[in-house]
Structure formats: C-alpha cells, structure tokens
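# Report on the structure
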Amino acid sequence: MEDTLIKVEGLSKKFCRSLKKSMWYGMQDIGSEILGRRHGLDGVLRQDEFWAVKDINFEIKRGECLGLIGHNGAGKTTLLRMLNGLIRPDQGRIEMRGKVGALIALGAGFNPILTGRENIYINASVLGMNKQYVDKKIDEIIDFAEIRDFINAPVQTYSSGMKVRLGFAVAAILIEPDILFLDEVLAVGDINFVIKCLNTVRDLSKNASVVFVSHNMQQVSMFCNRALVLEKGCVLADCANPSEGIDRYFELIKHTQHTSGTGKAEILSLELSVNNQLIKNTEPALVQGIEASAIISLRMNDFNYQANILLIVRDESLIPIMVFPLSHQNGETRYFLPGDHTLEIPLGNIDLNSGSYSFVVAVIDRDSKIVHARAEGLCAFRVTANSHFWGKIVRPVVAIDS
Amino acid sequence: MNELRVTIYTPESMLSNPLKMLREMLRDLIDSRELAWRLMVRDLSAQYRQTLLGFLWAIILPLANTLVWIFLSRSGVVNLSDTPLPYPIYVFTGTMLWAILMDALNAPLQMVTASKDMLAKINFPRDALLLAGIYKTLVNSLIKIALLMIGLIALGIYPNWGILLFPIGLFSLILVGTVVGLALTPVGLLYTDVGKAIPLLMQFLMYLTPVVFAMPKEGLPAILFQLNPLTPLILTARDWLTGFTPEYLVYFISVNVISIILLFILWIIYRLAMPILIERMGS
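Definitions and cut-offs
Residues numbered from 1 in each chain as written. Chains lettered and ligands numbered in written order. Predicted model: local features only at pLDDT ≥ 70, side-chain atom pairs only at ≥ 80, totals over all residues. Heavy atoms only, no water. 1 Å grid on protein atoms, 1.4 Å probe; cavity = no way out; pocket = protein on both sides within 12 Å on 5 of 7 lines; lining within 4 Å. Points joined across faces, edges and corners; volume = space filled by probe spheres on them. Nonpolar A, V, L, I, M, F, W, Y, C, P; charged D, E, K, R; others polar. Helix = DSSP H or I, 4+ residues; strand = E, 2+ residues; numbered from the N terminus. Buried < 20%, exposed > 50% of the residue type's maximum accessible area, 1.4 Å probe, protein only. Polar contact = N/O pair within 3.5 Å; in protein donor to acceptor, adjacent residues only side chain to side chain. Pairing = 2+ DSSP bridges. Axes fitted to C-alpha atoms, helices over the stretch in contact; angles between N-to-C directions. Contact = heavy atoms within 4.5 Å. Phe/Tyr/Trp six-rings, centres within 6.5 Å; stacked < 30°, edge-to-face > 60°. Disulfide = S-S within 2.5 Å. Buried area = accessible area lost by both parts, 1.4 Å probe. Salt bridge = Lys/Arg side-chain N within 4 Å of Asp/Glu carboxyl O. pLDDT = per-residue confidence, 0-100. Patch = residues over 30% accessible without salt bridge, like charges linked within 9 Å, V, L, I, M, F, W, Y side chains within 5 Å. Areas by Shrake-Rupley, 256 points an atom, 1.4 Å probe, with all protein chains shown as cover. Domains from an automatic or database assignment.

Next up on the list: empty space enclosed by the protein. To find the voids left in a structure, one rolls a probe of water-molecule size over its atoms. In this structure the tally under the stated criterion is one cavity of 30 Å³ or more. There is about 50 Å³ of room inside the largest cavity. Looking at the largest cavity, the residues that line it are Lys14, Asp29, His39, Gly40, Leu41, Arg46, Glu49 and Asp90 of chain A together with Glu279 and Arg280 of chain B. For the lining of the largest cavity, a count of residues per class yields one nonpolar, two polar and seven charged.

Okay, structure coming up:
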C-alpha cells in the first residue's frame, strides 16, 4: 500500500448513443447534481445508454507501467479521461496520490495567431506552471522541439510536425509527475523525433506510476510491466506479463476476408499444413519457429495465360511482413491451363513475432498487370511465443560463447 | 518522503461535503489567477493583432448605434421624450454602458465554448475561464471608458466628484452581466439555442432600459422600466459619469447585493455542471 499511487475500484461510466437524449440527460444530471444526489443514478441505464467502461479494478505502484490495450471504442480513452479528472465516474472510486501529469492532446489551447514563444507560456500555464519556472526551461523546450528559427513566428505558419513537436516539448519538459498518463503520444512526428520522445517518456516514467494507452504493441511490450486488455468497456484480461495481454489482444483481431478481381481466376482456399498434416481449425495457433506450408487452391476460368501468383503474409495492422515470390521451375512465369490447380508452397520456418497474421493471394496477369483474383484476410493464424519481441521477425535463439 | 497530494474521484455529489468544496473553490480560484491573466492576454492580443483598427473596434459599434439613434430622433422618425442630458450624450453614454454589460454577459458562454477542445482534454481549473472572461471585459471596458471620457469632455460635459464613484458603477455592470451570462452558460453549452437567443432578447431588453429612451413618466412602460433591474445600473453609472446625482441608489445597491449572492451560487453550479457538460461535449 505504501507506494501504490493509483487505486481504481469498480470504476464504471455510461455514455449515451443518441445526441438529443444525451443533451437532455445532461440537463437532468446537472439538476440532480445541484440537489446533491449521487452521480450516475446508482448504475441504472436510461434509454439509449450503455456502459462505456464497466467495473474496472487495478492498482499501480510507483515505477510500474500499466498498458491499456483494446480496440477503438473499448473504453481506453474514457478510462483515462476519468483518471485525469475530466469526467466523473458513474460508479466506483479512483484514488491517486501525487502530482498528476498527462501527455494527451498536445498543443491544445495553442492560438494560431500568436508566436511559438507566446504559446509556450500559455500552454504552460494551462498545465499549471508559473512564468518563473517556464523562464528557466524555455531554452530547453525550444531546443527539444527543434524550432529555434521559428519561435517568434505565429504558430499558424508551422507545419503540423512542428506543432506536435512544440506541444510535446512543452508538456514533457515541464511536468514532473508522480502519476503519468500517456495516450498515443508516440504515434506522431517523424522517426527521429519519436525516438527522442520515447527516451523522454522513459525518463519521466522511471519514478512514476504510468498508464500507457497505445495501439503499438511493440511500445506496449517495451514500456509496460503489466497489461489490461479492454473489450467493450470490460476487462478481458489483466495480465502480469504484457506479452500475455498482447496475445489476448491479437486473439480479438478479426482478419476479414475480402476478394476482388476480374473473375477470370478464383482463389478457392488457402490452408496451412504442418508436418504434412493439414490444419483444419479456424485461426490456428502456430508455435514460433515451426516449419509450415501453404496449400493454395486456384481455379482458372478463362483462356490460358501467364500469371504471377503473389503470396504475402500480413500482420494485424495489415502491414505486409513476408512475401513469397513464386515462379515456374525454370524461372519463367507460370502458365496455367483452365481448371483447378493446387499449389503447395513451403513457407519455411515461421519465425514471426507473436501476433496475428493472415495471407493475401493474388493472381495477376504477367503482361497487363490486371488482377484476375485477389483474396485478402485468408487463413488467419496466430503465432505464439513465450515473449513478445521488439521486431517483426524473430530469428532462432543464438547462443553466445563466453 | 514529503506528503503527496491525494486526489479522489467518486460519483458522490460534491455538495455532500460543503467544506471540502469551498476549500477547493478557493484553491482553484487562487490557482486560476495566472492562467486567467494569460488567457486574457492571449485572446486580446490575438484579437487586436488581426485588425487594422485595433481597439477602436471597442467603440465603433456603440458609436454607430449612437449615430443611428441621433439620426432617428433628429429626423423625427421616432418621437423621443426629453432626456435630462443633451440627447446625443445621453444615447452615447447609454449605448457604451450597455455594450459593457453585453460584453460581460456574453463572456462566460463565449470563453467556455471557445475552450471546448482544451476542456475536453486537459484538466485545469475551469474557474480560470470565467476569470479570464471578466478580465477581458474589464480591459475592453477601460478602453471604452477612456474613449467615452474624451468624447464627453469634447462635448462639454465635465464630470464632478461623482466620477470617483463611477468604478463602482462599472463593476456592477460587469457583475450583473457576468451573473446573467453564467446563469445561461450550463444550458447554453448543451443547447446552442441559448447562444442564438441572447442577442434577440437583449436587444428587446435594451428598449426596456433607459439606454436610448428616457425613463417614461407613466403607463405600463413606466412600470416595466422601474421594475427592470438593469435600469438602476445604467442610470446610476451614467449619473456618476456625467455629474448628476443618482436617483435609484437603493435599488442599485440591492441589485448588487443580490447579484453577489447569485454569483456565488452560480459559480458553484458551474463547477458542478462542468464535468457533466465536458462528458456531453465529447473529445
């Protein structure tokens, strides 16, 4: 208990789907607030209301970082807004000890007409810092944001990257939090700046309790020592090991199948096989490093043609990770006769990082590049491992002789 | 280790612990001062930096209004009863003072609406917005008053000792304006109808206040003018400014006392309502 800085018990929040009703409920809530009644009607849902966050419990000690993961609309940001005191819980209780800092909505309150320098002072006082303190730190902020040449120009002349850098610099340099909230702050800016931000955030986190919201699982696995997976406002999993939480999150991802093309070719199926054994279950889990093959069934409906077949493995954010160039044995483009074809393609060792993947297969005319058939989201599969690595491809363990 | 500040959020009504609430109100008000000042400087400098005429805009509208009314009375389109002051001065001071009241009245809703983005994402003392609105009105009023004084002296009206009391008149205009504006703010944030209705209603109310018309002597208008709580504000402020002795001092004082009490109550309501409103604003 001594060093528990954040304690959340039975926290719930409801939202309303209909705008008109939401406005009217707002009026009612203000009325009952003035009469001194409890907020949230003791958990009764009115028409068109739903639980945006339901019964969340956790504690965070100093030096710990809790990763909040889940889909859009799972309640991550709502939870963070309650923790930050912007909106009130309908049920439950939040207790926090120490100074709260948040890297959320960087640059909110910037006035485009005023100069960067003026905006630094304004933004700082919105964050509760006085002028003397900012005077001491202003050079550090300007250097961090890398905008010394533009600091006396109006913010409306800044590029979007410069605005983000300035917003981040003001917040990150000035706060000295015991409790830190981070909401997708590292998703912006160019790569050099992101790395700089990561280092700053790591310094800030060292001695604080941190709640970290991100869709970037690599950052979650790197930063957090615990993960809370949210789905539809509820806790799906509270994992002491973030890679376990990341696995649970990937389980939630649905790779939707989608086909397109001229119809002169069809992709009938794609199945995985391990040890010459077809895997029949949907969304199979493969152990990292296992050897596997893909069995593709194609149907050629039209005249003979030369076709390139494209085989790609994509990750959960639809980024192509692996591509398998295919050709005829003599190196030429394959010539297909009308009818059904089955191709067995060895994939080698699946040394992908733990996560959720799917295939894209396309039949493309060699000369005209017309896509005759293209299917995505095929044969979604998961790769499981004991830990989540910071890399898309995980090579076998290398033993180093001492 | 030094004592850490404990923050607790629950669904309990903030009114369930009035002492704690009052302490927080005081603390937030003190915390708000510098932020309010910065917001005021931000808004005013941004506002004036984008204009050519700058602070002259503070008087252009009242001045135009004055000219319209002088024209109407000279041409005989409207028949106006005699005013104690020369009519141009009467209507000039009236519209200026009315403009100050309107500034104060519009400020809370305007400030909060303009800061929606910040409110939805950053936790800062919400009282700062109100304070900044008052500061802005005050600065704009001082510009107006300065130009008004120059105008008055140019027109041959020399103020007497009453001018020393005029700041009280100015403060009460801002006070009452803020009270009305603050009362409309919570509803106005949810329903934009309020913001649209204000100019209409206030225009109407202006004609029931001795701004461009003199106090009617008899009939229903006389009763309405007498009852209108804005009447003593405008009359008293104008009297102090132009060297007359105020007639409605008792009513003036009672309006102010009631407004101070209302301001306090409305401030509490504003604080209670803000989290609910921010939730409905979305982010």
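Right, picking up where we left off after that structure.
Residues and elements named next belong to chain A. Among the structural elements, Glu33 can be located in helix α1 (residues 19–34). Under the relative-accessibility criterion, Glu33 is labelled buried at 1%. At 2.8 Å, the side chain of Glu33 and the side chain of Arg88 are in polar contact.

Remark on secondary structure: sheet strands pair via backbone hydrogen bonds, oriented parallel or antiparallel. Residues and elements named next belong to chain A. With mixed pairing, the six strands of this open sheet are ordered in space as β5-β6-β7-β3-β8-β9. With one partner strand each, in any of the chains shown, β5 (100–103) and β9 (234–239) form the two edges of the open sheet. On average, each strand axis in the sheet is inclined to that of its neighbour by 20 degrees, with strand direction left out of account. Where strand β3 (residues 65–70) meets strand β7 (residues 209–213), four bridges bridge the pair, whose relative direction is parallel. Considered in β7, the bridge of Cys65 is made with Val210. Packed onto the sheet, helix α6 (residues 191–205) meets β5, β6 (179–183) and β7 and runs at close to 150 degrees relative to β6. The sheet strands contacting helix α8 (residues 242–252) are β3, β8 (226–231) and β9, and the helix crosses β8 at an angle near 20 degrees.

Before going further, it helps to examine the packing of aromatic side chains. Two aromatic rings, taken as a pair, are described by how far apart their centres are and by the angle between their planes. Across all of its chains, the model carries 13 aromatic pairs over all chains by this definition. A centroid spacing of 5.7 Å and a plane angle of 70 degrees characterise the contact between Phe144 of chain A and Phe193 of chain A, whose relative ring orientation is edge-to-face. On the criterion of sequence distance, the pair formed by Phe144 of chain A in helix α4 (residues 131–145) and Phe193 of chain A in helix α6 is long-range, its members being 49 residues apart. Here Trp37 of chain B and Tyr135 of chain B contribute two aromatic rings whose centre-to-centre distance is 6.0 Å and whose plane-to-plane angle is 70 degrees, an arrangement assigned as edge-to-face. Taken together, the residues span a long stretch of sequence, with Trp37 of chain B in helix α1 (residues 18–49) and Tyr135 of chain B in helix α5 (residues 127–154) at a distance of 98 residues. Three or more aromatic residues link up through ring pairs in this structure, and these residues are Phe144, Phe168 and Phe193 of chain A.

What follows deals with the state of the cysteines. Residue and element names in this part refer to chain A. Per the stated rule, a full pass over the model turns up zero disulfides over all chains. Free of any disulfide, Cys16 has its nearest cysteine sulfur in Cys234, 18 Å distant. Free of any disulfide, Cys197 has its nearest neighbouring cysteine sulfur in Cys65, separated by 16 Å.

A common measure of how large an interface is: the accessible area buried when the components associate. With 46 residues of chain B at the interface, the matching set in chain A holds 57 residues. Roughly 4500 Å² is buried in total at the junction of chain B and chain A, and carbon and sulfur atoms are behind 62% of that figure. In terms of surface lost to chain A, no three residues of chain B exceed Tyr9, Pro11 and Arg280 of chain B, which account for 16% of the buried area on that side. The partner of Arg38 of chain A in a salt bridge is Glu12 of chain B, with the nearest N and O atoms 2.3 Å apart. For the pair chain B and chain A, the interface holds 15 residue pairs in polar contact (both at pLDDT 80 or more). In terms of residue count, the dominant contributor to the side of chain B that touches chain A is helix α10 (residues 249–281) of chain B (nine residues). Of the residues belonging to the side of chain B that touches chain A, the class tally is 27 nonpolar, eight polar and 11 charged. The pairing of strand β4 (residues 91–97) of chain A with strand β1 (residues 6–9) of chain B spans four bridges and is antiparallel. Across the sheet, residue Ile94 of chain A finds its bridge partner in β1 of chain B, namely Tyr9 of chain B.

Residue and element names in this part refer to chain B. A residue-level look at chain B finds 98% of positions with pLDDT of 70 or above and a mean pLDDT of 88. When the elements of chain B are averaged for pLDDT, helix α2 (residues 57–75) gives the smallest value, 83, and helix α6 (residues 166–190) the largest, 94. Predicted complex, confidence summary: ipTM 0.81, pTM 0.82.

This paragraph deals with a nonpolar patch on the surface. Residue and element names in this part refer to chain B. Among the surface-exposed residues, Leu22, Leu249, Ile253, Val257, Ile258, Ile261, Leu262, Phe264 and Ile265 lie close enough to one another that they form a single nonpolar patch of about 760 Å² accessible area. Here the nonpolar patch takes eight residues from α10, the largest share from any one element. Inspection of the secondary structure assignment puts Ile265 in helix α10. Given the relative accessible area of 41%, Ile265 is considered partly exposed.

Residue and element names in this part refer to chain A. Counting across every chain of the model gives 36 salt bridges over all chains. We note a salt bridge from Asp3 to Arg62, for which the minimum N-O separation is 3.9 Å. Pair noted here: Asp3 is in the segment before β1 (4–16) and Arg62 is in the loop between β2 (49–61) and β3, with a separation of 59 residues, a long-range link.

Let us now look at the domain arrangement of chain A. All names here are of chain A. What the domain assignment reports for chain A is domain 1 (4–251) and domain 2 (258–384). Of note, the centres of domain 1 and domain 2, computed from C-alpha atoms alone, are 41 Å apart. Summing both sides of the interface, domain 1 and domain 2 together bury roughly 500 Å²; the carbon and sulfur share of this comes to 51%. Broken down residue by residue, the surface that domain 1 buries against domain 2 is led by Asp247, Phe250 and Glu251, which jointly contribute 87%. Viewed at the interface, domain 2 and domain 1 are joined by zero salt bridges. Top element by residues in the side of domain 1 that touches domain 2 is α8. It accounts for three residues. Classifying every residue of the side of domain 1 that touches domain 2 gives one nonpolar, one polar and two charged.

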